[in-house]
Amino acid sequence: MKPLQAIPVADDPFVLLFGGLYLLIVLAIGVWGYLNTDSTSDFLITGKSVGTWVLALTAFSVIQSGFGFVGGPELVYSYGMTGMWIFFTAPLGFLIAWVLLARRMRILADIRNVLTLADGMYVRYESAWVRGLTAFAVIVGVIAYLATNLAALQFVMRAIFGIPVVWGLFGGAAILLAYSVLGGMIAGVWTDFVQSITMIVGAVFVFYFALEFGGGMGTITRNLASVDPALVSPFGAIGVPAASAFTALAWWILFSIGSAGQPHLITKFYMSRDLTILRWGAPIAAISYGISSMIAFSAGLSMRAAVEGGTIPELRSASIAAPVFVLNQTPGVVAGLVLAALLAAIMSTSDSFLNIGAAAVSRDLPRAFGRPIDDETTELRVTQIALAGLTVLSTLVVFFSDALVGILGTIGWGFFAAAFFPVAVFGLNWKGATKEGAVAGIVGGLVVNLFYSAVPRIAEAAGTPGVSETILSLYPFAEGFPVGTVALLVSIALTVGVSVLTQRGRSVPADLVTLLER
């Protein structure tokens with residue numbers, strides 16, 4: 001997140017107004033959530049009280065997060081139309097997640113007292129190893145996601161309020177901690193809902209002003225094509241066409257199929273009020289994601305065309321394409337709305353991660369080791385303490401170590417996709433999935449991700465670039481081919497292969513047989 005230092009400080013009163021108003025809203029939602037939280041079930045899955053629109057928009061917003069405002073425009077700015085592969089295919093991920101998991105996970109929450117992903121996987125596989133590995137992977141992934149989100153948050157707080165970066169870090173973390181500890185997932189869901197509406201409205205405005213700034217889509221594409229035709233080709237900006245098509249397919253697999261492995265998305269299905277509201281959730285979430293992606297599409301392309309045409313100077317970093325466009329090329333009201341949405345995206349997604357991470361610490365790990373917390377009030381308080389601990393730990397990581405943030409940043413979407421897609425999707429759709437297959441899939445996916453993503457960064461940070469180069473030389477695919485896709489495919493193969501070898505004489509719990517046959 002280091003390049004985000006280049007985001008300019010806003011000097012428009014509307015930006016300050018919208019940013020301050022958003023922070024007041026989330027704190028108010030946190031207090032309201034606290035008043036409506038009486039149990040661990042309320043804190044973690046809202047007491048199964050969420051309706052169709054809130055569930056769908058919450059699901060879309062936690063997946064889009066800050067990526068739609070920073071990472072997405074960065075990809076489009078850097079690679080032109082090639083970067084759009086993610087945004088045109090990612091909405092399919094909601095359909096896949098809904099079809100494969102929504103109904104089954106919601107029914108599972110009624111059949112058994114499940115509140116977390118690890119709860120559900122334990123019920124399906126009846127294995128403390130599966131529960132423990134699931135909890136471990138959630139905790140590692142949450143710390144990684146949270147640290148990178150807080151690293152971005154400090155610069156966004158600086159841009160909106162003009163405060164020093166360190167104040168942005170600790171101030172933002174304190175506000176995040178306050179409303180997360182107070183309101184739990186009830187506060188998180190409604191904050192996500194507010195964020196999603198803000199994001200959609202902001203995206204429409206940005207799309208309009210970006211096209212106006214660039215002279216229309218025809219002018220933008222002509223300007224880009226005159227400089228480099230690859231920028232308006234679906235594959236040309238990331239290498240040779242054949243390899244690029246292969247890489248684009250890999251990104252499609254990771255961002256569509258991998259959606260069903262994101263715990264901050266799929267655990268939302270536990271929260272739905274009843275089964276009927278799941279019907280329209282997927283198209284609502286997919287359409288909302290598509291609309292919000294107009295920010296990446298329009299801002300990224302128009303800024304690149306303007307730079308290539310000499311209208312504006314080259315950016316210090318592609319990461320700031322959208323923030324710079326919003327601050328310099330849109331009215332103050334729109335800039336305030338969009339930057340408030342960016343702040344909301346980072347903080348509300350962080351809240352979702354905090355809740356699943358805290359539950360893994362207070363509920364899943366103790367149960368995996370045979371030491372559950374039986375008193376519900378005590379379990380709720382321990383969850384809140386764990387949430388505070390994770391926030392403090394991630395904040396200190398950002399404050400003391402840019403290198404560690406960079407290493408953790410390599411553990412992201414692909415990490416969760418490989419760890420949880422096979423164990424959840426096969427476990428709830430195939431009676432032949434076994435606990436040995438689940439363990440092999442989780443471990444295999446984690447090892448591939450850590451070995452090819454995190455270990456090279458650790459070696460570089462430790463001053464041994466030769467080790468990093470050696471590891472990367474062992475990677476069997478071209479540069480740019482996502483490690484997360486490799487890890488996901490390895491995890492699927494191991495889950496299926498080991499399950500086939502170990503399924504003789506195995507059966508699923510009697511009360512889950514009907515669920516798996518639906």
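What counts, and where the lines are drawn
Residues numbered from 1 in each chain as written. Predicted model: local features only at pLDDT ≥ 70, side-chain atom pairs only at ≥ 80, totals over all residues. Heavy atoms only, no water. Helix = DSSP H or I, 4+ residues; strand = E, 2+ residues; numbered from the N terminus. Rg over C-alpha atoms; globule rule 2.2 N^0.38 Å. Buried < 20%, exposed > 50% of the residue type's maximum accessible area, 1.4 Å probe, protein only. Areas by Shrake-Rupley, 256 points an atom, 1.4 Å probe, with all protein chains shown as cover. Lys, Arg positive; Asp, Glu negative; His and termini not counted. Charge placed at Lys NZ, Arg CZ, Asp CG, Glu CD. Salt bridge = Lys/Arg side-chain N within 4 Å of Asp/Glu carboxyl O. Core = buried A, V, L, I, M, F, W, Y, C linked by side-chain atoms within 4.5 Å. Contact = heavy atoms within 4.5 Å.

Draft legend 1. Just the overall build of the protein chain, in detail. Looking only at helices and strands, one finds 22 helices and zero strands in the protein chain. In terms of overall dimensions, the protein chain is globule-like: its C-alpha atoms have a radius of gyration of 22 Å, near the 24 Å expected for 518 residues. For the C-alpha atoms alone, the extent of the protein chain along its principal axes is close to 70 × 55 × 50 Å. By residue count, 58% of the 518 residues in the protein chain fall in the buried class. Here the protein chain displays about 19,400 Å² of accessible surface, and carbon together with sulfur accounts for 67% of that area. Counting 25 positive and 27 negative side-chain charges, the protein chain places the centres of these two groups 9 Å from one another.

Draft legend 2. Representation of the pattern of salt bridges. By the definition in use, this model includes eight salt bridges. For arginine 112, the salt bridge is made with aspartate 511, and the minimal N-O distance between the two is 2.7 Å. Here aspartate 511 lies in the loop between helix 21 (483-502) and helix 22 (513-517) and arginine 112 lies in the loop between helix 5 (84-111) and helix 6 (117-125), a separation of 399 residues in the sequence. Residue classification places arginine 112 among the partly exposed residues on the basis of a relative accessible area of 27%. Put simply, aspartate 119 and arginine 131 hold a salt bridge, and the shortest N to O gap is 2.9 Å. One end of the pair, aspartate 119, is in helix 6; the other, arginine 131, is in helix 7 (residues 128-161), and 12 residues separate them in sequence. Here aspartate 119 matches arginine 131 in class, with each residue buried. Several salt bridges converge on common partners, so that one network encompasses Asp119, Arg131, Arg363, Arg367 and Glu379.

Draft legend 3. Representation of the nonpolar core within the structure. With 149 residues, the main nonpolar core has Phe69, Trp98, Leu101, Phe269, Leu343 and Met347 as its most contacted residues. Sort the elements by how many residues they give to this core and helix 7 lands first, with 19 residues. Residue contacts for phenylalanine 269: discarding those within four places in its chain leaves Ala97, Trp98, Leu101, Ala102, Met105, Arg106 and Leu278. Counting residues in hydrophobic clusters, the runner-up holds 10 residues, among them Tyr452, Ile471, Tyr475 and Val483.

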